[in-house]
Every structure is written in structure tokens, then in C-alpha cells.
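# Architecture and fold: a report
Chain residues, written in single-letter form:
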Amino acid sequence: MQEALQPNRPLAAAGPSGTEPQKVLRSRVEAHSLVSLWDNMEDVVSSTTEKFVPHVWRWDDIREVLMAAGDIVSLEEADRRALILANPGVFPKYFTTNNLYVAYQLVRPGETAAVHRHTPSASRFVLEGNGGYTVVEGEKCPMQRGDLILTPQGTWHDHGNDGEAPAIWVDVLDLPIVDHQGAIHFDFVYGEADHGGGEPIRKYSQSIRTEIGYSTSLYGTGGMQPAYVDSKRGDGIGSPQFVYPWEATYAALNRLRDHEGSPFDGIVLRYTDPTTGGPISPTMDFTVQLLRAGEATKSHRHTSSTSYTCIQGSGETIVDGQVMSWGENDTFVLPSWCWHSHQNHSATEDAILYAVSDLPISVKLGLYREQAEGEPDGAWRGRPGTYERRQ
Ligand code: 1HN
């Protein structure tokens with residue numbers, strides 16, 4: 001009779017039993033900053049990213065501390081006034097998932113935050129305020145609730161608030177992967193020649209060089225792009241469209257609400273780089289999803305980690321059997337490869353989630369795998385319908 005296949009682990013998982021000569025050998029090995037693979041096979045092939053845990057950060061808690069910081073920490077003292085969502089599994093390391101850094105940032109009325117640029121790519125999703133703005137490569141991008149503003153790798157950016165109310169948004173950056181790559185670089189010295197020309201002088205903020213709405217007028221019409229401009233902005237990495245206004249996002253979700261949608265994510269839309277049709281950043285994928293009243297999705301897992309911010313309504317996400325509930329402006333994270341499904345329990349109200357994941361990293365490296373509820377373990381594979389088909 002044939003032997004049934006055993007669980008998927010190394011054949012010699014337990015390692016050598018530990019004879020006296022083997023113990024002596026181990027100390028000789030370690031004395032030279034060496035580690036024997038035969039004693040540590042299981043550790044070597046298991047994932048250190050497993051330390052990251054699913055977690056919810058509550059809006060009420062964050063807002064209260066952020067507003068207190070507004071009274072205590074000035075933007076002259078702090079380059080940015082932001083609270084990082086530090087994953088409890090790796091605390092005090094300030095990563096939110098293995099590849100994503102997420103923070104909530106406050107700019108009070110009348111304040112400005114100095115210009116800089118850096119190698120990590122950054123994004124802002126606006127939660128509060130009417131007068132907040134970010135200037136990206138000379139384009140002033142007003143920030144209204146639900147707008148997504150990008151500052152791709154190498155783009156100069158500064159913030160301000162012309163309004164009467166605090167401006168608060170969610171920053172998501174690919175800082176951890178840039179850090180792992182030993183490639184974090186910042187540039188704080190920005191210069192511009194004065195109107196008369198001549199030598200550049202150092203500036204705290206950029207002058208405005210385009211009309212408001214420049215990038216959405218150029219790129220915001222699906223299926224069309226300008227044939228008369230160079231779309232390379234900053235380092236030319238990521239989307240040249242710096243603003244994805246909420247009005248367009250919300251209208252698109254509503255247009256599609258009667259479709260069946262994805263069994264795992266409901267009506268889910270990807271923000272795309274208009275010049276490639278792919279994700280708007282080489283490292284991060286941005287989506288927004290509508291879970292209609294009463295909608296409950298199927299469970300799946302995949303090799304990408306995700307940060308979700310609830311923009312409207314409330315619901316629950318079941319993560320590896322545990323219930324995480326979330327409401328408006330809360331952010332929750334799911335580490336890679338954990339089972340998850342979403343539920344909107346309301347009988348009448350929509351729930352909308354804004355999500356950022358590190359999916360493009362997995363796809364580019366050929367590491368993307370996805371498994372749906374009910375599929376056998378051995379069947380995990382790339383799933384058609386992700387953008388990888390088009391690249
Ligand atoms: C950054 O540039 C901003 O410009 C916010 O608002 C948070 C965290 C780490 C590195 C750069 C911003 C940041 C950041």
C-alpha cells in the first residue's frame with residue numbers, strides 16, 4: 001500500500017538529536033558567528049513577518065492624542081505632526097505591516113509644513129478639514145475628505161492649511177521596504193530662483209507653478225491621456241496624477257453598485273496610474289471598496305499585507321477566526337497570508353473601505369499567491385483578475 005503524503009514540512013525538521021560531539025560542534029560553530037542550518041532548519045524557513053499581528057486603531061483615540069499634540073508640538077519644532085500606527089507585534093519598531101508605514105497627520109489652520117523630498121513613496125487620504133493642501137512638484141492639491149493625494153518617490157512636497165478647521169489625513173508610505181533595501185534618502189534643501197532669475201535661494205515652501213486641478217484635468221478622464229506633455233514628474237516613478245478626488249471615486253462606486261463585484265471584496269476599484277493602467281506606485285496598490293448593506297464576503301488569504309481605513313459606515317472583518325469590528329475613520333491592518341472576510345451588518349447603510357497593500361511587491365517578485373476558502377492547500381497560486389495579467 002502507498003504511504004499517504006505527510007504535512008508539508010522539512011523531512012528532518014527536528015534536527016540532529018544532540019549527541020555530545022554535536023553539542024561541542026554547535027558551540028564551535030556559534031563562536032564564529034555562524035549558525036548551522038541542520039539545527040535551525042525550521043526557524044530558517046519560517047517567516048519573521050509572522051510577528052506582525054492584525055490590529056484596529058480607533059479614530060476617537062487617535063484624534064484625541066493628535067489634537068493634544070497640536071497644542072504641544074509646533075510645526076517649527078516638528079517636520080511633520082504625525083502619529084504612527086505601530087504594529088503591536090513588533091513594537092517599538094514603527095512599522096504598521098512588514099512593508100507599510102501608516103500614520104495620521106494633523107495640520108492646524110494657518111500652519112505650513114516644510115518642503116522636502118525622499119525615496120519612499122507617500123500617499124495621503126483625507127479624513128477631515130476643508131482648507132488643507134499639499135503642494136506636489138509645484139501643483140497645489142486641495143485636500144477634501146475622501147481625496148487621495150500622491151507624493152511619489154522623489155517629488156518635492158509641502159503641506160499647509162488655509163481653512164478654519166484642522167486638516168487630518170492618513171499617510172501611507174512604503175518606508176519599511178525602502179528601509180530593508182538600505183535606500184532611505186531625504187532631501188530637505190529646496191531652492192528656487194526669485195522672479196528675476198539668478199541663483200536659487202532656499203525656500204520653506206514651493207511656489208505654485210500650475211493651476212489647481214492640473215493633474216486631474218490632464219489624467220482624470222478614464223481612457224484618455226494628454227499627448228502633449230511629458231508625464232515624467234519627480235523621479236518618474238509612480239503615477240503622474242497626484243490627485244484622485246473623492247467625487248469621482250464615489251461616483252464610480254455608485255455606478256457599479258448593482259454589479260455582483262468580487263466575492264472577497266464587494267465592489268472594489270483599483271486606483272491606477274493612467275500611463276500604465278497598473279497600480280499607482282511600484283510598491284503599493286491602492287483600492288477602495290463598497291460593501292453594500294448586509295453584504296458578507298467569502299474568506300481568502302494572500303501573500304500581501306493590507307491597511308484598511310473605513311471611510312463610511314461600519315462592519316466587521318473576521319481574521320483567522322477572530323472578529324475585528326471597525327467604524328468610520330478607524331484603521332485596521334491584516335498581515336500577509338491570514339484568512340479574512342468582511343461583513344457589513346447594516347440593513348440600510350453602505351460601508352466603504354480605503355485599502356493600501358504591498359501587492360505589487362509580491363507580483364513583481366513572482367511571489368503572489370492567493371487561496372480561497374474551500375480550496376485545498378496545494379492549490380495556492382496566482383489568481384487571474386489581479387493586474388499582473390496586464391504587465
Ligand atoms: C513624510 O514626508 C510625510 O510629507 C509624512 O507628510 C510622514 C514619514 C516618514 C517619512 C516621510 C509628509 C512621513 C514622511
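Residues numbered from 1 in each chain as written. Predicted model: local features only at pLDDT ≥ 70, side-chain atom pairs only at ≥ 80, totals over all residues. Heavy atoms only, no water.

Now for helix α3 (residues 59–72). When the terminal C-alpha atoms of α3 are compared, their 20 Å separation across 14 residues agrees well with the 20 Å that a helix rising 1.5 Å per residue should span. Within α3, the full set of buried residues consists of Trp59, Ile62, Leu66, Ala69 and Gly70. Taken down its axis, α3 places every buried residue within 110 degrees of arc, on the same side. Seen from the open side of α3, the exposed residues pointing more than 90 degrees away from its buried face are Asp60, Asp61, Glu64, Asp71 and Ile72. (Helix = DSSP H or I, 4+ residues; strand = E, 2+ residues; numbered from the N terminus. Expected span 1.5 Å × (residues − 1). Buried < 20%, exposed > 50% of the residue type's maximum accessible area, 1.4 Å probe, protein only. Arc of directions from axis to C-beta.)

To continue, consider a nonpolar patch on the surface. A surface patch of nonpolar side chains, about 350 Å² in accessible area, is lined by Ile184, Phe186, Phe188 and Val189. By the secondary structure assignment, Phe186 is in strand β11 (residues 186–187). For Phe186, a relative accessible area of 41% translates into the label partly exposed. (Patch = residues over 30% accessible without salt bridge, like charges linked within 9 Å, V, L, I, M, F, W, Y side chains within 5 Å. Areas by Shrake-Rupley, 256 points an atom, 1.4 Å probe, with all protein chains shown as cover. Salt bridge = Lys/Arg side-chain N within 4 Å of Asp/Glu carboxyl O.)

It is worth spelling out the site of the ligand at this point. Every residue near the ligand is listed here: Arg80, Tyr101, Gln105, His116, His118, Arg124, His157, His159, Asp171, Leu173 and Phe186. A distance of 3.0 Å separates an oxygen atom of the ligand from a polar atom in the side chain of Gln105. When the ligand is considered free in solution it has 320 Å² of accessible area, and contact with the protein chains removes 91% of it. Of all the secondary-structure elements, those providing two or more residues to the shell around the ligand are β3 (101–107), β4 (112–118), β9 (157–161) and β10 (167–173). Taken together, the residues that form the shell around the ligand break down as 3 nonpolar, 5 polar and 3 charged. (Near = heavy atom within 4 Å. Polar contact = N/O pair within 3.5 Å; in protein donor to acceptor, adjacent residues only side chain to side chain. Nonpolar A, V, L, I, M, F, W, Y, C, P; charged D, E, K, R; others polar.)

Take Glu370: it is sitting in strand β24 (residues 370–372). Here the side chain of Glu370 touches His300 through a polar contact of 3.0 Å, side chain to side chain. A distance of 3.0 Å separates a polar atom in the side chain of Glu370 from a polar atom in the side chain of Tyr368.

Scanning the entire structure with this criterion turns up 17 salt bridges. Glu111 is the partner of Arg81 in a salt bridge, and the nearest nitrogen-oxygen pair spans 2.8 Å. Of this pair, Arg81 sits in the loop between α3 and β2 (82–84) while Glu111 sits in the loop between β3 and β4, and the two are 30 residues apart along the sequence. Among the salt bridges present, the one from Asp171 reaches Arg124, with a minimum N-O distance of 2.8 Å.

What follows deals with the pairing of strand β8 (residues 148–151). On β8, burial covers both faces: Leu148 and Leu150 on one face and Ile149 and Thr151 on the other are all buried. Here β8 runs beside strand β14 (residues 243–244); their pairing, made up of 2 bridges, is antiparallel. Across the sheet, the residue bridging to Leu148 is Tyr244, located in β14. (Pairing = 2+ DSSP bridges.)

The next subject is the nonpolar core. Counting residues in each nonpolar core, the largest one holds 31 residues, and the members touching the most others are Tyr104, Phe125, Leu148, Tyr271, Phe286 and Tyr354. Within the residue set of this core, elements represented by two or more residues are α3, β3, β5 (122–128), β8, β10, α6 (246–255), β16 (285–291) and β23 (351–357). If sequence neighbours within four positions are ignored, Tyr354 has contacts with Ser123, Phe125, Leu148, Tyr271, Phe286, Thr287, Val288, Ser307, Tyr308, Thr309 and Ile311. Counting residues in hydrophobic clusters, the runner-up holds 13 residues, among them Val319, Phe332, Cys338 and Ala355. (Core = buried A, V, L, I, M, F, W, Y, C linked by side-chain atoms within 4.5 Å. Contact = heavy atoms within 4.5 Å.)

A few words now on unusual backbone geometry. Backbone torsion omega between Phe91 and Pro92 reads 10 degrees, so that peptide bond is classified as cis. Looking at the secondary structure, you find Pro92 in the loop between β2 and β3. Even without being a glycine, Glu137 presents a positive backbone phi close to 50 degrees. Among the structural elements, Glu137 can be located in the loop between β6 (132–136) and β7 (139–143). Since its relative accessible area comes to 18%, Glu137 is described here as buried.

Our next topic: the sheet that holds β6. Spatially, 5 strands are ordered β7-β6-β9-β4-β11 in an open sheet, and the strand pairing comes out antiparallel. Of all strands in the sheet, those bounded by a partner on one side alone are β7 and β11. Inspection of the sheet shows β4 paired to β11 by 2 bridges, in the antiparallel sense. Across the sheet, the residue bridging to His118 is Phe186, located in β11.

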